[in-house]
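# A look at the structure
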Amino acid sequence: MGVVILLVMAAGVGLMLTRRLPTAFALVLLAVVIAFLAGAPLTGKNSVLDTVLQEGAPTLAATMIAIILGSWLGKLLDETGIAGTLVRKIVEFGGDRPTVVALGVLAVSALVGTVTGSAPAAMLAGIIGIPAMIAVGVPKVTAAGTVLMGIAVGIPFELPVWQFFSTALELPIPTVRGFMVKLFPFALVAALAFVLVETRRRGTEHAWSLKSVDAKPRSRREDLGDAPWYALLAPAVPLVLALGFELAIIPSLLAGVLYALVTTTPPGEMNKRLLRTLYGGFEVAAPPIVLFIAIGILLAAVKLPGAVDALEPLVKAVSPRNPVLFVLVFTLLVPLCLYRGPLNVFGLGAGIAGVLIATGIYPAAAVLGMATSYNQVFGVADPTSTQTVWSAQYAGVTPQQVMVRTLPYVWAVALGGLCVTAATRL
């Protein structure tokens, strides 16, 4: 039966790759089929309806709330001009020096990446940053890749991601936070290397320029939407509270929302802005929330006793236990997290992670290291991820071009994360 379940998983990957079904729908269908194959009854204990669908759907509820709050803060950063001001200040400081401008946009992308992920993060940093980089001669592919590599630097400190891995892998937040801090230097070094190497190796390409603002602005705040300097600290507020003061994730994000609001909005407009940006945040958060509901259902299915018993001997037979082999094998398998592949943690990879933990093959902390390392690759180089698609198209190139250019750098990040995992958790 284990072989049949693996074949069903492979079919699910095929449905996602060929886009016959949206990822969330494919995961739910996969979960129901796995549950029936595992001998689960229709209702009752360890059943399809009660355990997999009813209990599985809200499994990642805390992550969904964190996603909503992160999206809300992202909308505030956009509407209040905080994100745009950060990018403009960097561009003004960099002048006509391509590398300096690219490094500045990289820094802003990293900061925004700690607040929200996916396409919203790319837009906040890239709407101004990408044309500004191209205007000073940064090649288009490098400009798109810089925003993505910057977001990847922020991913280890993205609070909703902490909550996701904590809930999905049943690990305490301090454990997740501890590994993310270890992963951060690899992401930072890879991003800096990308900018420094690619801007020099490719030379300058003056393809198109950033549209100038009104030649006679009435005021910088009014025409450019500049936020006050103290408001620019808003993206860092949740991170400082969660990392420095070890405050819980949801209160940390709420504090960031309130700080951004209070430092940019007159008292009489606060209510309207709060509601407007909250509703806008729900629109941004809707796709990942649907995906997290599906992932929760899939996790419930692969943890059923029948599924664990069927898959345990097969998974044990192919899973390396030696630390060196662990690093070698899972580094070679990095491409399987691309194109919504079987190791994509926001797809079937979540189910595989659940199997590895439920069968006791690896400790949950080791699975965390593997999953977060792969997430660094997926978040930058996957041509099907929304941030990669948006950044590439906005820069005027294809997602595949961005993948080819960025993959060696994020592959190295995954290698670093896997090495740390093998050294500390196996």
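Residues numbered from 1 in each chain as written. Predicted model: local features only at pLDDT ≥ 70, side-chain atom pairs only at ≥ 80, totals over all residues. Heavy atoms only, no water.

This next bit is on the environment of Gly 126. In this fold, Gly 126 is placed in helix α7 (residues 118-135). When sequence neighbours within four positions are dropped, the list of residues in contact with Gly 126 reads Pro 131, Val 147, Trp 390 and Tyr 394. (Helix = DSSP H or I, 4+ residues; strand = E, 2+ residues; numbered from the N terminus. Contact = heavy atoms within 4.5 Å.)

With that out of the way, let us pick up the environment of Gly 347. Position of Gly 347 among the secondary structure elements: in the loop between α16 (323-332) and α17 (348-358). Spatially, the C-alpha atoms of Gly 347 and Trp 162 are 17 Å apart, while their sequence positions differ by 185 residues. Once residues within four sequence positions are removed from consideration, Gly 347 is found in contact with Thr 23, Leu 27, Ile 295 and Leu 298.

On to the packing of helix α5 (residues 82-94) against helix α6 (residues 98-113). Between α5 and α6, the least distance of the axes is 8 Å, while the angle of their chain directions is 160°. Considering their axes alone, α5 and α6 lie roughly antiparallel with respect to each other. For the pair α5 and α6, the crossing hand works out as right-handed. Contact with α5, carried on its side by Leu 86, Val 87, Ile 90, Val 91, Phe 93 and Gly 94, involves Val 100, Val 101, Gly 104, Val 105, Val 108 and Leu 111 of α6 and no other residues of that element. In the contact of α5 with α6, the residues fall into 10 nonpolar, two polar and no charged. (Axes fitted to C-alpha atoms, helices over the stretch in contact; angles between N-to-C directions. Parallel < 35°, antiparallel > 145°, perpendicular 65-115°, else oblique. Left-handed = near helix turned anticlockwise from the far one by under 90°. Nonpolar A, V, L, I, M, F, W, Y, C, P; charged D, E, K, R; others polar.)

Moving on, we get to unusual backbone geometry. With the exception of glycine, most residues fall at negative phi, and the peptide bonds are largely trans. The backbone phi angle of Glu 170 is positive, close to 55°, even though this residue is not glycine. The backbone of Glu 246 shows a phi angle near 55°, a positive value even though the residue is not glycine. As for its position among the elements, Glu 246 is in the loop between α12 (236-244) and α13 (249-262). Assessed through its relative accessible area of 55%, Glu 246 is described here as exposed. (Buried < 20%, exposed > 50% of the residue type's maximum accessible area, 1.4 Å probe, protein only.)

Before going further, it helps to spend a moment on α17. With eight of its 11 residues buried, α17 lies for the most part within the structure. The complete set of buried residues in α17 reads Leu 348, Gly 349, Ala 350, Gly 351, Ala 353, Gly 354, Val 355 and Leu 356. Remark: Gly 360 follows α17 within two positions and exhibits a positive phi of approximately 75°.

By size, the foremost hydrophobic cluster in this structure holds 148 residues, and its most contacted members are Phe 165 and Ile 295. Tallying contributions element by element places helix α14 (residues 270-302) first for this core, with 13 residues. (Core = buried A, V, L, I, M, F, W, Y, C linked by side-chain atoms within 4.5 Å.)

Before going further, it helps to spend a moment on the state of the cysteines. Scanning all chains against the criterion turns up zero disulfides. For the unlinked cysteine Cys 337, the closest cysteine sulfur is that of Cys 419, found at 16 Å. Here Cys 337 falls in the buried class, since its relative accessible area comes to 0%. With relative accessibility at 37%, the residue Cys 419 sits in the partly exposed group. (Disulfide = S-S within 2.5 Å.)

Turning our attention to the pattern of salt bridges. Taken as a whole, this structure holds five salt bridges when the rule is applied. A salt bridge links Arg 276 to Glu 79; its shortest N-O distance comes to 2.5 Å. With Arg 276 in helix α14 and Glu 79 in helix α4 (residues 61-79), the pair connects residues that are 197 residues apart, well separated along the chain. A salt bridge links Glu 246 to Arg 177, with the shortest nitrogen-to-oxygen separation between them at 3.6 Å. With Glu 246 in the loop between α12 and α13 and Arg 177 in helix α10 (residues 173-201), this pair connects stretches of sequence that are 69 residues apart. Via salt bridges that share partners, Glu 79, Arg 273 and Arg 276 belong to a single interconnected network. (Salt bridge = Lys/Arg side-chain N within 4 Å of Asp/Glu carboxyl O.)

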